[in-house]
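The chain contents come next:
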Amino acid sequence: MSTERPDSAVPPTAESCSAPSRRTFIATTTALGGVVVAGGMVAAPPPLGAEKAVAAGAPPGGSVSLTVNGVRHTVTIDNRTSLLDLLREHLDLTGSKKGCNAGACGACTVLVDGRRVNSCLTLAVRLEGAEVTTIEGLEKGDRLHPLQQAFIDQDAFQCGFCTPGQIVSGVGCIQEGHTGSPEEIREWMSGNLCRCGCYVKIVRAVEQTAERK
Amino acid sequence: MSQPQAAVGAAVPRVDARLRVTGRAKYAADNNPDGVVHAVIVDSSVGKGRITGIDTRAALAETGVLTVINHLNAPELPPRQGGFPPGEPLRAFQDDRIRFFGQPVAVVVATTLETAQHAASLVKVSYDAQPPSTDMSVADPAGEPETYARGDTDGALDSAAVRLETTYRTARNHHNAMEPAGVVARWEGDRLTVWEKTQNVVGAVRTLAGEFGIPPGNVRIISPFIGGAFGNAARTWVHSVIAAMAAREVKRPVKLALTRRQLYFGVGYRPAYEYALRLGSNRRGRLTASAHDVRSETSSYETYSEDVLAAGRMLYSTPNVRQVYRHVPLDVNTPTFMRGPGYSSGAFTVESAMDELAHELGLDPIELRLRNEPADDESIRLPFSTRRLRDCYRVGAREFGWERRRPKPRSTRDGDWLIGMGMAAGVYDTARSQSQASVRLDADGTALLQSATSDMGPGTATSMTQLAADALGLPMRRVSFRLGDSRMPPAAGHFGSQTMASVGSSVQDGCDKVRGQAITLAIADEGSPLHGVDPADVVVRGGRLHVKDNPVRGETYQRLLARNDRTHLEALGTYAGASESEKFSFYAYAATFAEVAVDARLGLVRVRRMVGVYDAARIINPRLADSQAIGAMVGGIGQALLEHTVTDHRDGRIVNANFADYLVPTHADIPELKAIYIEGEDFEADPIGVKGLGEVVLVGVAPAIANAVFNATGRRVRELPITPEALL
């Protein structure tokens, strides 16, 4: 069981730490049965034109079971793989973006057991039993999450690259209850950079969604 | 061929909004073609010199490493002609020379990203290093300066009643678009497909075909989404060539994304400037002369220049002007366009100096500008096509509450905070370039448009869909606009605020042609209710052609095409671009107003509110235009107060090459911002009456803030960014 505190884009306060209590392992264990083999487990083709030295051996890997957007995945991965790279390069969930790979921009923000984390700084192999929600998991059928709709209503994005992270972070911000005023939203959304400069409209979108909740 | 306007001018949501809020929009590095492997660049850890050895044994020993390419084993590429900027463009591993810190020296290709990253750290490179020259303040300019002169500037300055002599400096800024440069390259025989982040689909084809000596028809560029760029994806940089080279060597698709740190050395930047200005005026504030001595950094291998001088030549009436623009080559990578290129750096000097002059003369800064408002463009002696800058001042002053500004600095306080107001003008030239768009109207009454343009954020597909919907007389939902693929008709590069004018005019032309075909078909068709009608009397609305003054007489596209056994109508829309011999001076204008609060003890500057007012002529979508202007104010706040690329001159290393140390505005830095567009059109500029707005909205933001800081504190800071230490 993974119980470590994920790295948060913003400092969590006591009341914001919703307990990771309702992990539903049963619902979707067979949905994809996705076994992803990665890292040194893949047989590499012989290197081209290189005087190949003796292989240094496969990099250390491990197996981890985690639920992503309600779908259980059991994967064998390189220990160095971040949650972000697991999502993007192995599970084909490319909505979460790599903007800096250093936890400074928030484009990779996902929810782990309901809390906002920078998935680029989270090692995937440590997430045994975790429930991960990405931007791809917010829609209910054809219906957008209210915050996704609010982003469209407010034109709260331009290029759209930081948008998945902004929206997931906004969902976290609303769940945490840090939406009492525009100032509070700004403070608690400041882990998510937007270089197109859509902050004014992102704050409006979060505010609008929080009010309707 | 005039059509009712329904979609154009409406604040409709983006047509691709759903893709962008659900994570389904595919940016370059989101593509994972079958068999894709990963490349990581090893970059130089010295700022100048030669590579004396590369030890790749440890990297190659890692399981999963496919190859390590460097100048010792890289395939020789055919010679390549440089374009813009003039010089010798950086090539992929073609020699042992190090031109700047961070230059790519090798690329590791491996089956997984983790392995490639680790193996890249195992490549040992040895150098014969020399001390690099990276400090513009002590380096000498080279090459011929760019110059301009009118009148007798020295004589006029000597006899001027009021003289101002100041030097302004602006820091190097990096675009820091949220999406790092990313490429996925795949070869099939001698045909290359590249999923690329590019603002210039046509240019990317040309560059990659040239690099590999293959016909342009063999290169396909796919770039439907761009995660911001602001100019840094206008060129095709060497990392794209490296990705394609790696893919050819390992015979598999290769994905390469630069790291955030590598972007500081890999995709250009807004160059630093040193701008000395002398102004002469009479006692009433009429400018008599200005002398501009500008120095700017460029690389040792290319001479980059941009239009930093234009504002000083044409924004204000000045009989005597002299300008010299010198390039200082340094051991750095080459600068490039960054939002409002040239103009934004120039405007900081010119608009700060106007504020200084107004203070010196005891005049209101707007009044000083109005007294120097020119009757025509004195630099090229042509009338302005449109210039509604006076309206910008008037509306801005009213909306902002300019009359509440106290002219005497340091006279408004709010607790520990000193409050100040400032304003500045902005200007950007209206570029237009050759473009094409294909238009196809199908028998089911839907239309598909295609053009190899891009969308880095302004909403290209949305505004083009609006234009096309009106020109074809269709509701927007029945029109699709596709972009970002080199198989589509060629378009102007997506930079310089020229996309709407250029691509838009080709869209208008293509739609006019298709609508004209339908009307011609109908009036010649005895079975049509429009048979025999004057084509000039036919309009199309909601997909139905009818007589303008008699809506009952008409029929739908579907009926017309079905009866005539036509599956579709199609045309290629074209636009020739700006005329060789223009009859007017074409510019967009801005007036930006800022209120700042400066902590009297800490020197911390907070922007409290801003209002921007713009003359960008016709606005296709007010919602998108609003977002662009507000976004530019945010970018300008960064330029004014935060952004500064810092180089360690000992080895040429950029020491703050990350988002923790290179500060960009965050949510907490940004207050409510307001943008207003002055109503108007400019049909001299182009057939659709637009002037472009992505750049002009940035130009003037930084000096407006700097002028507000002066009004708040009495301290004139002549260097960007304005950091707290400058105010202590």
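An unreviewed UniProt entry lists chain B under the name Xanthine dehydrogenase family protein molybdopterin-binding subunit, from Streptomyces coeruleorubidus.

As annotated in an unreviewed UniProt entry, chain A carries the name (2Fe-2S)-binding protein and is attributed to Streptomyces coeruleorubidus. Check the Pathway (unreviewed entry) section of the UniProt entry for chain A; it says "Alkaloid degradation; nicotine degradation."

Undergrad: A description of the UniProt feature "domain: Aldehyde oxidase/xanthine dehydrogenase a/b hammerhead" (unreviewed entry) in chain B should follow, citing residues and the corresponding values.
TA: Per the UniProt entry, the sites bearing "domain: Aldehyde oxidase/xanthine dehydrogenase a/b hammerhead" (unreviewed entry) are residues 22-131 of chain B in this numbering. Regarding residues 22-131 of chain B, the helix share stands at 14% and the strand share at 32%, and the terminal C-alpha atoms are separated by 49 Å.

Undergrad: Could you give an account of the pairing of strand 2 (residues 61-68) of chain A, naming the residues involved and the relevant values?
TA: Residues and elements named next belong to chain A. Alignment of strand 2 against strand 3 (residues 71-78), held across eight bridges, turns out to be antiparallel. Counted as the bridge partner of valine 64 is valine 75 from strand 3. Linking strand 2 back to strand 3 in an antiparallel pair, the connection comprises two residues, with asparagine 69 at a positive phi of about 50 degrees. Across two bridges, the pairing between strand 2 and strand 6 (residues 131-133) is parallel.

Undergrad: Explain the sheet that holds strand 17 (residues 417-429) of chain B residue by residue, including any values.
TA: All names here are of chain B. A sheet is described by the order of its strands in space; here five strands give the open sequence 16-17-25-26-29, paired in mixed fashion. Lying at the two open borders of the sheet, with one neighbouring strand each, are strand 16 (413-414) and strand 29 (673-677). By the bridge criterion, two bridges tie strand 16 to strand 17 in an arrangement that is antiparallel. Looking at the pairing, aspartate 414 lines up with tryptophan 417 of strand 17. On top of the sheet, helix 11 (residues 389-400) reaches strand 17, strand 25 (587-599), strand 26 (605-615) and strand 29; it is set at about 140 degrees to strand 26, its chief contact. The strands touched by helix 16 (residues 701-713) are strand 17, strand 25 and strand 26; relative to strand 17, the strand with the most contacts, the crossing angle is about 155 degrees.

Undergrad: Describe helix 5 (residues 201-212) of chain B, listing the residues and the values that go with them.
TA: Residues and elements named next belong to chain B. The terminal C-alpha atoms of helix 5, which comprises twelve residues, lie 17 Å apart, in line with the 16 Å expected from a rise of 1.5 Å per residue. The buried count for helix 5 comes to nine of twelve residues, which makes it a mostly enclosed element. Turning to helix 5, its buried residues are Val201, Val202, Ala204, Val205, Thr207, Leu208, Gly210, Glu211 and Phe212. Buried residues along helix 5 sit against strand 10 (191-196), strand 11 (219-222) and helix 6 (238-250). Positive backbone phi, at 65 degrees, marks glycine 213, one or two positions downstream of helix 5.

Undergrad: With reference to specific residues and values, describe the domain arrangement of chain A.
TA: Reports of interface size often rely on the accessible area that becomes lost once the parts have come together. Residues and elements named next belong to chain A. For chain A, the domain assignment lists domain 1 (23-44 + 57-101 + 121-134) and domain 2 (146-212). On the domain 2 side, the residues contacting the five residues of domain 1 number five residues. Across the side of domain 1 that touches domain 2, the residue classes tally to no nonpolar, four polar and one charged.

Undergrad: Which residues make up the interface of chain A and chain B, and what values go with them?
TA: Each partner contributes residues to the interface: chain A has 62 residues there, and chain B has 60 residues. Only helix 1 (83-90), helix 2 (146-154), helix 3 (163-176), helix 4 (182-188) and helix 5 (199-212) of chain A provide two or more residues apiece to the side of chain A that touches chain B. Among the elements that take part in the side of chain A that touches chain B, helix 5 of chain A stands out by supplying four residues, more than any other.

Undergrad: Tell me about the sheet that holds strand 24 (residues 568-575) of chain B, and please be specific about residues and values.
TA: All names here are of chain B. The mixed open sheet is built from four strands, whose spatial order is 20-19-18-24. Both edges of this open sheet fall to strand 20 (479-483) and strand 24, since each of them pairs with a single strand only. Each strand of the sheet is rotated relative to its neighbour by a mean of 15 degrees, with strand direction disregarded. Relative to strand 20, strand 19 (residues 447-451) is paired through five bridges, and the arrangement is parallel. Looking at the pairing, leucine 449 lines up with phenylalanine 481 of strand 20.

Undergrad: Just give me the short version of the domain arrangement of chain B, but keep the residues and values in it.
TA: Residues and elements named next belong to chain B. Taken domain by domain, chain B holds domain 1 (31-130 + 179-228 + 233-266), domain 2 (273-431 + 582-727) and domain 3 (432-575). For domain 1 and domain 2, the distance between their C-alpha centres works out to 37 Å. The interface of domain 1 with domain 2 comprises 18 residues on the first partner and 21 residues on the second. For the side of domain 1 that touches domain 2, a count of residues per class yields ten nonpolar, two polar and six charged.

Undergrad: Run through helix 15 (residues 622-641) of chain B, naming residues and quoting values.
TA: The first and last C-alpha atoms of helix 15 of chain B sit 28 Å apart over 20 residues, in line with the 28 Å expected at 1.5 Å per residue. Burial of helix 15 of chain B is extensive: 18 of the 20 residues sit out of reach of the surface.

Undergrad: Before we move on, could you go through unusual backbone geometry and cite the residues and values that matter?
TA: Residues and elements named next belong to chain B. Between phenylalanine 84 and the following residue, proline 85, the backbone shows a cis peptide bond with an omega angle of -10 degrees. By the element assignment, proline 85 lies in the loop between strand 3 (65-70) and strand 4 (97-98). Put simply, leucine 720 and proline 721 share a cis peptide bond, and its omega is -5 degrees. Mapped onto the fold, proline 721 is located in the loop between strand 30 (719-720) and helix 17 (724-727). Phi is positive for phenylalanine 93, which is not a glycine, with a value near 55 degrees. As for its placement among the helices and strands, phenylalanine 93 is situated in the loop between strand 3 and strand 4. Assessed through the 23 C-beta atoms surrounding it within 10 Å, phenylalanine 93 is described here as buried.

Undergrad: Give me the confidence of the model for chain B: which residues, what numbers.
TA: Here chain B shows a mean pLDDT of 97. Residues at 70 or above account for 100%. Overall fold confidence for the complex sits at a pTM of 0.93, while the interface term, ipTM, reaches 0.97.

Undergrad: For the nonpolar core, give the residues involved together with the corresponding values.
TA: It is characteristic of soluble globular proteins that their nonpolar side chains tend to be buried jointly. Counting residues in each nonpolar core, the largest one holds 283 residues, and the members touching the most others are Val108, Ala468, Tyr614 and Ile705 of chain B. Sequence-distant contacts of isoleucine 705 of chain B, that is, excluding residues within four places in its chain, are made with Gly422, Ala594, Val596, Val607, Ile637, Ala640 and Leu641 of chain B.

Undergrad: Describe the packing of helix 12 (residues 460-472) of chain B against helix 13 (residues 499-524) of chain B, naming the residues involved and giving the relevant values.
TA: All names here are of chain B. It is the contact of helix 12 with helix 13, at a shortest axis distance of 9 Å, that shows an interaxial angle of 30 degrees. Between helix 12 and helix 13, the interaxial angle falls into the category roughly parallel. In this structure, the crossing between helix 12 and helix 13 has a hand that is right-handed. Counted together, Thr460, Ser463, Met464, Leu467, Ala468, Ala471 and Leu472 of helix 12 and Thr499, Met500, Val503, Gly504, Val507, Gln508, Cys511, Asp512, Val514 and Arg515 of helix 13 form the full contact between these two elements.

Undergrad: Residue-level account of the environment of glycine 129 of chain A, with values.
TA: Note that glycine 129 of chain A resides in the loop between strand 5 (115-118) and strand 6. Residues glycine 129 of chain A and histidine 73 of chain A, 56 residues apart in the sequence, show an inter-C-alpha distance of 9.8 Å.

Calculation criteria
- Residues numbered from 1 in each chain as written.
- Chains lettered and ligands numbered in written order.
- Predicted model: local features only at pLDDT ≥ 70, side-chain atom pairs only at ≥ 80, totals over all residues.
- UniProt positions renumbered as here; feature names shortened; annotations may be inferred.
- Helix = DSSP H or I, 4+ residues; strand = E, 2+ residues; numbered from the N terminus.
- Pairing = 2+ DSSP bridges.
- Contact = placed C-beta atoms within 7 Å.
- Axes fitted to C-alpha atoms, helices over the stretch in contact; angles between N-to-C directions.
- Expected span 1.5 Å × (residues − 1).
- Buried ≥ 20, exposed ≤ 12 C-beta atoms within 10 Å, placed from the backbone.
- Domains from an automatic or database assignment.
- Nonpolar A, V, L, I, M, F, W, Y, C, P; charged D, E, K, R; others polar.
- pLDDT = per-residue confidence, 0-100.
- Core = buried A, V, L, I, M, F, W, Y, C linked by C-beta atoms within 7 Å.
- Parallel < 35°, antiparallel > 145°, perpendicular 65-115°, else oblique.
- Left-handed = near helix turned anticlockwise from the far one by under 90°.

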